[in-house]
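Single-letter residue listing:
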Amino acid sequence: MNRSSYRLALCATFLLYVSVSSTANEQLSAIVQYQEWFSEYASILEETMQIKRQGNSNATLYFNKELVKLLANATLEMRSIDNTTESAIRQADTIDESCRRLALEQFAIYSAKGQADLQECAAYTAGLLDYWTYERFYGIANIVHREATELTHRVGLILEQFNKITQMDNILEVLSEEYYAFNNFNNQFQNALNLELVRFNAPNHPLRTSLFDCLDMTVTFHQLYMDYVLSYVESACNTQY
């Protein structure tokens with residue numbers, strides 16, 4: 001090989017080395033960039049989940065207050081019915097003491113029944129609260145947390161699995177797939193969490209509706225029971241029941 005040819009070969013080798021080295025540096029830089037993206041993604045996701053967990057707590061607290069208010073209103077209505085009934089029995093001047101005692105005994109029985117019915121409404125609602133206030137939201141939130149944790153583990157395995165010198169392309173391809181796959185997954189689940197945060201907003205929410213209907217029926221029947229008790233007073237305990 002003459003000197004001119006040698007120089008050309010040496011120059012070509014140098015240029016090839018520079019090209020390969022430049023490509024390798026670019027690929028290494030891209031890997032570092034992906035690592036930074038994953039790290040930023042994890043931090044942003046954790047902040048987002050903290051905000052949504054707090055949002056769920058606030059929504060749950062407000063909803064529980066609504067349910068307690070329904071129970072309180074029904075309790076006050078029934079207490080008013082009881083007070084009116086007992087007062088009518090005690091103040092009635094058309095019955096003797098024997099009839100009064102009988103009417104008060106019936107009053108005590110149906111008053112206790114009304115309280116038991118009220119407690120059944122509360123117990124039934126309490127039995128469903130865990131599902132509506134905890135399981136629904138955290139069932140999704142826990143999936144997001146688990147997938148984010150597993151993603152960090154998978155990225156570590158990717159960097160260990162491939163040779164960083166000879167398999168740069170493979171590393172970048174898998175990192176890219178992982179990043180965009182998790183991004184799509186997270187977007188879908190964040191949308192689902194957003195829907196969960198407003199799950200109590202509907203006026204006809206099934207738990208609110210079922211409690212309202214149960215309490216309304218309880219108060220209605222309690223009034224009928226007390227009307228029945230007062231019929232003892234009206235008939236001076238002479239009517240057969």
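Residues numbered from 1 in each chain as written. Predicted model: local features only at pLDDT ≥ 70, side-chain atom pairs only at ≥ 80, totals over all residues. Heavy atoms only, no water.

Within an unreviewed UniProt entry, the label attached to the protein reads Protein TsetseEP domain-containing protein, and the organism entered is Anopheles quadriannulatus.

Engineer: Hey, could you go over the state of the cysteines for me, with residue numbers and the actual values?
Structural biologist: All chains considered together, the criterion is met by 2 disulfides. Disulfide pairing places C99 opposite C237 at an S-S distance of 1.8 Å. Between C99 and C237, the S-S dihedral sits near 80°, and the bridge is therefore right-handed. With C99 in helix 2 (residues 97-161) and C237 in the segment after helix 4 (206-234), this residue pair connects regions lying 138 residues apart in the sequence. C99 gets classed as buried once you look at its relative accessible area, which sits at 4%. (Disulfide = S-S within 2.5 Å. Helix = DSSP H or I, 4+ residues; strand = E, 2+ residues; numbered from the N terminus. Buried < 20%, exposed > 50% of the residue type's maximum accessible area, 1.4 Å probe, protein only.)

Engineer: Please give an account of the nonpolar core that cites residues and values.
Structural biologist: The tendency in soluble globular proteins is for nonpolar side chains to be buried side by side. Ranked by size, the top nonpolar core spans 28 residues in total, and within it L67, I89, L207, L215, M226, V229 and V233 carry the most contacts. For this core, the secondary-structure elements that each account for two or more residues are helix 1 (3-91), helix 2 and helix 4. Filtering out sequence-adjacent residues up to four positions away, V233 remains in contact with I89, A92, T94, I95 and A103. Ranked by size, the runner-up nonpolar core spans 15 residues in total, among them F137, I140, V144 and F185. (Core = buried A, V, L, I, M, F, W, Y, C linked by side-chain atoms within 4.5 Å. Contact = heavy atoms within 4.5 Å.)

Engineer: Just give me the short version of the side chain of Q190, but keep the residues and values in it.
Structural biologist: Within the element layout of this structure, Q190 appears in helix 3 (residues 168-197). When its relative accessible area of 8% is taken as the criterion, Q190 is described as buried. What Q190 contacts, discounting residues up to four positions off in sequence, is L45, T48, M49, K52 and V144.

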